[in-house]
Amino acid sequence: MATEPTSPDTAPAAAPALPNKLFIDGEWREAAGGRTFAVLDPYTRETFAEVAAGGKEDAQAAIAAAAKAFEEWAATPPEAKRRLFQRAADVVDRRRKETAAALVAETGCSAGFAEHMQDGVQVNLHHAAAWAYEPRGQVLQSNYANTYSTAVRRPLGVVASITPWNGGSILPWRSVLSPLAAGNTVVVKPSEESPVTAGLLVASALEEAGFPAGVVNVVPHAPGEAGPIADAFYESDAVRCINFIGSVPTGRMLAERAGRTLKRSVMELGGFNQLLVLDDADVGYAAVMGSLSAFFHQGQVCLNVRKALVARPLYDAFVEALVAHAKTLPTGDPRDPATIVGPLINERALEMAQQRVQEAVDKGARVLTGGGHDGLVMEPTVLVDVPDDATIAYEETFAPLLVVRAVDDDEEALRIANGTGYGLTGAVVSGDRYRGFEVAQRMQAGSVHVNTSTLNDELHAPIGGVRDSGWGRSGPQSIDDFSDVIWLTVEGGRRPIW
Ligand code: ADP
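We now turn to the structure provided with this report. (Residues numbered from 1 in each chain as written. Predicted model: local features only at pLDDT ≥ 70, side-chain atom pairs only at ≥ 80, totals over all residues. Heavy atoms only, no water.)

**Section: the site of the ligand**
If you check the shell around the ligand, you find 17 residues, and the closest are T163, K189, E192, S247 and T250. Alone, the ligand offers 550 Å² of accessible surface; in the complex the protein occludes 77% of this. Within the residue set of the shell around the ligand, elements represented by two or more residues are helix 7 (226-235), strand 10 (239-245) and helix 8 (248-261). Among the elements that line the shell around the ligand, the one with the most residues is helix 8, at three residues. Residue composition of the shell around the ligand, by class: nine nonpolar, six polar and two charged. (Near = heavy atom within 4 Å. Areas by Shrake-Rupley, 256 points an atom, 1.4 Å probe, with all protein chains shown as cover. Helix = DSSP H or I, 4+ residues; strand = E, 2+ residues; numbered from the N terminus. Nonpolar A, V, L, I, M, F, W, Y, C, P; charged D, E, K, R; others polar.)

**Some words on the nonpolar core**
Core analysis: the biggest nonpolar cluster contains 49 residues, and F85, L125, W173, V176, L180, L206 and F211 have the highest contact counts within it. Here this core gets eight residues from one element, more than from any other, and that element is helix 6 (residues 196-209). Among all residues touching F85, those that are not within four sequence positions of it are W73, L125, A128, A129, L177, L180, A181 and F211. Ranked by size, the runner-up nonpolar core spans 29 residues in total, among them I24, A62, I162 and A258. (Core = buried A, V, L, I, M, F, W, Y, C linked by side-chain atoms within 4.5 Å. Buried < 20%, exposed > 50% of the residue type's maximum accessible area, 1.4 Å probe, protein only. Contact = heavy atoms within 4.5 Å.)

**A few points about the sheet that holds strand 6 (residues 147-155)**
Here three strands make up an open sheet; going across it, the order is 5-6-21 and the pairing antiparallel. For this open sheet the edge positions go to strand 5 (137-140) and strand 21 (483-491), each flanked by a neighbour on one side alone. This sheet shows a mean twist of 20 degrees between the axes of neighbouring strands, independent of strand direction. (Pairing = 2+ DSSP bridges. Axes fitted to C-alpha atoms, helices over the stretch in contact; angles between N-to-C directions.)

**Considerations on the pattern of salt bridges**
Counted under the stated rule, the structure contains 33 salt bridges. Notably, a salt bridge pairs R174 with E268, separated by 2.3 Å at the nearest N-O pair. With R174 in helix 5 (residues 170-181) and E268 in strand 11 (residues 264-268), this pair connects stretches of sequence that are 94 residues apart. A relative accessible area of 8% places R174 in the buried class. According to the relative accessible area criterion, E268 is buried, its value standing at 13%. Between D408 and R312 there is a salt bridge, and its shortest N-O distance comes to 2.8 Å. (Salt bridge = Lys/Arg side-chain N within 4 Å of Asp/Glu carboxyl O.)

**Considerations on the environment of P172**
Considering the arrangement of structural elements, one finds P172 in helix 5. The buried category is assigned to P172, whose relative accessible area is 1%. Taking the C-alpha atoms as reference points, P172 and I162, separated by ten residues in sequence, lie 8.4 Å from one another. Excluding residues that lie within four positions of it along the chain, P172 makes contacts with T163, P164, G167, T197, A198 and V202.

**A look at the sheet that holds strand 13 (residues 305-311)**
The strand order across the open sheet built from seven strands is 14-17-18-13-12-19-20, with neighbouring strands paired in mixed fashion. Each end of this open sheet is capped by a strand with a single partner; those strands are strand 14 (366-369) and strand 20 (447-450). Across the sheet, the axes of successive neighbouring strands diverge by a mean angle of 25 degrees, strand direction being ignored. As judged from the four bridges shared by strand 19 (residues 425-429) and strand 20, these two strands associate in the parallel manner. Residue pairing for strand 20: G426 is matched across the bridge by V448.

**Digging into the packing of helix 2 (residues 78-94) against helix 4 (residues 111-131)**
Each pair of packed helices can be described by the angle between their axes along with the distance between the axes. Running from N to C, helix 2 and helix 4 point in directions that differ by 170 degrees, and their axes come no closer than 8 Å. Judged on the interaxial angle alone, helix 4 and helix 2 are roughly antiparallel. Facing helix 2, whose interface residues are R82, F85, Q86, A88, A89, V92 and D93, helix 4 presents Q118, V121, Q122, L125, H126, A128 and A129. Partitioned by chemical class, the residues of the contact of helix 2 with helix 4 number eight nonpolar, four polar and two charged. (Parallel < 35°, antiparallel > 145°, perpendicular 65-115°, else oblique.)

**So, the packing of aromatic side chains**
Between two aromatic rings, the relevant description is the distance of the centres plus the angle of the planes. Applying the stated criterion across every chain, the model contains six aromatic pairs. Measuring from centroid to centroid gives 5.6 Å for W73 and F211, while their planes differ by 40 degrees, and the two rings are tilted. Separated by 138 residues along the polypeptide, W73 in helix 1 (residues 56-74) and F211 in the loop between helix 6 and strand 9 (216-218) bring together distant segments of the chain. Between W165 and F398 the ring centres are 6.0 Å apart and the planes differ by 90 degrees, which places this aromatic pair in the edge-to-face class. With a gap of 233 residues between them, W165 in the loop between strand 7 (158-162) and helix 5 and F398 in the loop between strand 17 (381-384) and strand 18 (401-407) connect regions that are remote in the sequence. You can call W165 buried: its relative accessible area is 14%. (Phe/Tyr/Trp six-rings, centres within 6.5 Å; stacked < 30°, edge-to-face > 60°.)

**What to know about the pairing of strand 3 (residues 36-40)**
Taking every second residue as pointing to the same face, the buried face of strand 3 carries F37 and V39, while none of T36, A38 and L40 on the other face is buried. One ladder, built from five bridges, connects strand 3 with strand 4 (residues 47-52); its direction is antiparallel. Looking at the pairing, A38 lines up with E50 of strand 4. The turn joining strand 3 and strand 4, which pair antiparallel and follow one another in sequence, is formed by six residues; a positive phi near 60 degrees is taken by R45.

**With respect to helix 6**
Along helix 6, twelve of the 14 residues are buried, which leaves the element largely enclosed by surrounding structure. Those residues of helix 6 that sit buried are V196, T197, A198, G199, L200, L201, V202, A203, S204, A205, L206 and A209. Note on helix 6: the residue one or two positions beyond its end, G210, has a positive phi of about 100 degrees.

**Overview of the packing of helix 5 against helix 6**
At a closest axis distance of 8 Å, the pairing of helix 5 and helix 6 adopts a crossing angle of 50 degrees. By the criterion of interaxial angle, the relationship of helix 5 to helix 6 is oblique. Contacts between helix 5 and helix 6 involve P172, W173, V176 and L180 on the former and, on the latter, T197, A198, V202, A205 and L206. Considered class by class, the residues forming the contact of helix 5 with helix 6 number eight nonpolar, one polar and no charged.

Put into structure tokens, the structure is as follows:
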């Protein structure tokens, strides 16, 4: 008997067709060493995928393929590039349900966040298509009448993109699209936590869209084995840029190596983001915004708020409203569309969060709500009276934790907010938008938002850090990160040298 076709709206998301091999020179390959590794679902703790475990030899093969493909890709006309990016956007759209299901299963993000990311990736692909036609230089003035003087942007060569697990599909796609749009070819080393969604699914969508062999290559690896792949990147002359999105300690180490090997590096690192609630703020609005900004994606986005600095007259009301809101957030299975707070990525993350909460409590902090966990799902947790020397008071912890502190005035709030050394993002809530703007301008962060969340994320905007949060920007500015400016002159007459 024929089965009735199910309506697309009611059909359960199909099991994702998971690419699980290395993608090198347009081919899906086993790892040279023949090994594989298991990637676990953070909620069920069952194997989500068994993935080829690449090593140095594989990375070298991927670099060679990218180097071979570079010249032709760099010279590909804009119309051909535009068509490829736009076709990739269609592929991403067609695969959205399967990819969203894979994101939930591999990274534990909520179903809503997974869907939202699919929209973001498509927007990014449309931007990349438009960038193909952007002018890539300037005609300069010259003091010599017959000299035609230009500054032109040239791609760098092979870009090695090291991607994180926590940005689902947005960050891996971004780390590929900006270098490609600037005319480079790419080798991706995805996070060992999410090799499928942070690399292999990107390659498979680009393959289906018709990108030429070697333009994008992906080399996943087993946990603890990033080192040899990074060695291949630094040892290769063809690799001209290390494009890293990840933690500050790893970024620091990679930037040092880039210094020694004189490779350009783009570092999009973490931070310690703070929300300033001024004494004229709408406290109910500020509390809900603080709660969502801290607990979204279980506090595992680099843009989450870590500390709220609240004007003393509003402090009690803010804390009360925040705790009440935190308690309403649905926690649990990320497959349930109602869930907002799902599992942390792994046991190590849970242990670190628990240990940092305990350290703060041992030093005198109070947990007003949360603190517990069910499996890897940690309750949204609000802490007050946290001493300055507790790690949670000044270091990013990827978990649903928010520290709240009262401040006497805007000056104290700014002194604390600017005192961490980091500078990724921040937010200010004020009833007077001009006052909010004045305070925002004095915050040392790569982005600051008045009366909206630190999670504010528009793909054409320049998101990135200052100070210890790194450098490099998303959006059209990223073309500058992945290209060199060349001064090119043509002399029409004869000119003496001096
Ligand atoms: P997290 O601890 O949140 O996973 P990391 O900065 O360790 O943050 O991870 C971000 C990316 O950096 C991942 O792709 C990871 O594999 C990679 N990474 C970690 N250690 C190294 C290393 N020694 N060399 C190169 N890449 C690394």
